[in-house]
Amino acid sequence: MKMNANVKIKTSLGEKIFQACNVALLAALGLICLYPMWYVVMGSFSEHKILLLYSGPLLWPQGFSLEAYRRVFQNPNILTGYGNTLFILIVGVAVNLVMTSLGAYVLSRKNVMWKKPIMLMIMFTMFFSGGLIPSYLNMKQLHMTGTLWGLIIPFSVSTYNMIILRTAFEGLPDSLIEAAEIDGASQLTILVKVVLPLSKATMAVMVLYYGVEKWNGWFWASVILRDRTKFPLQVILREMLLMPPGDAEPIALTIRYATVLVGTVPILCVYPFIQKYFAKGVLIGAVKE
């Protein structure tokens, strides 16, 4: 018996009220989350003197002006910071993906000797670490302080990300890997030509996780770097935001807003291009018992 596709299921009054409440609640939460960003955007395009006298919700610029952005990009360290951040981002994410993929692939194979003890030792680092001072002394002894490589090499692998990627690799059919082994492929060839192409969604999630971490990273840069020409963008922007108002070049409120957007918008522009992989990749790489 075939059902008519045009037949509409009648919803009860209680279901309509429930759906309306859901829509209203989600709309309110969306506004609560979006309004602070909207306020910053509108504030960055406002005139400083007018904005200081304004009170209430900021729905549009108060006297349109691009002076705040002009002042931000007049800082000679901004472009240098962008270059340093892009180097850390591109090289760092590449190193992260290589090291995380190698570790996840080894731990995803069933015939690896002492697999569980090794995994337990790796997971131990998620809960306990040497701390700030031992980590700094370790970097200093390895001559990684004062160089951008100190922000890349010591942070080559995230245990959490490796566990996600390992779980995704374990979900692949063993028959594919066994077939490649029968054809004489090495383990590295299997990883590059079989496993990684089948794990594009999870790898896109890794790019997002590591990319956001590298872009927003400022703490270790402020600890190990002393040469201002090597400062990443976030350290420079942080200095601009924290500059006391009594300095010779006081930072206006609008310039603070522009500074926030300069450091936030680029990474937000990347997300739409990998958003379609995000949910799928997280579900595939979810830890399963």
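Please read all numbers here as calculations on a predicted model, not as lab measurements.

Here we come to the pattern of salt bridges. Scanning the model with the defined rule gives 5 salt bridges in all. With its nearest N and O atoms 2.3 Å apart, the salt bridge here joins glutamate 67 to arginine 70. With a gap of 3 residues between them, glutamate 67 and arginine 70 both fall in helix α3 (residues 67–74), about one helical turn apart. Residue classification places glutamate 67 among the partly exposed positions, given a relative accessible area of 34%. On the basis of relative accessible area, arginine 70 is assigned to the partly exposed category, the value being 41%.

On to the packing of helix α4 (residues 76–108) against helix α7 (residues 159–170), then. With their axes 8 Å apart at the nearest point, α4 and α7 run at an angle of 50° to one another. It follows from the interaxial angle that α4 and α7 lie oblique. The interaxial crossing formed by α4 with α7 has right-handed handedness. Taking contact as the criterion, the partners of Thr100, Ser101, Gly103, Ala104, Tyr105, Leu107 and Ser108 in α4 are, on α7, Asn161, Met162, Leu165, Arg166, Phe169 and Glu170.

Conventions we followed
Residues numbered from 1 in each chain as written. Predicted model: local features only at pLDDT ≥ 70, side-chain atom pairs only at ≥ 80, totals over all residues. Heavy atoms only, no water. Salt bridge = Lys/Arg side-chain N within 4 Å of Asp/Glu carboxyl O. Helix = DSSP H or I, 4+ residues; strand = E, 2+ residues; numbered from the N terminus. Buried < 20%, exposed > 50% of the residue type's maximum accessible area, 1.4 Å probe, protein only. Axes fitted to C-alpha atoms, helices over the stretch in contact; angles between N-to-C directions. Parallel < 35°, antiparallel > 145°, perpendicular 65-115°, else oblique. Left-handed = near helix turned anticlockwise from the far one by under 90°. Contact = heavy atoms within 4.5 Å.

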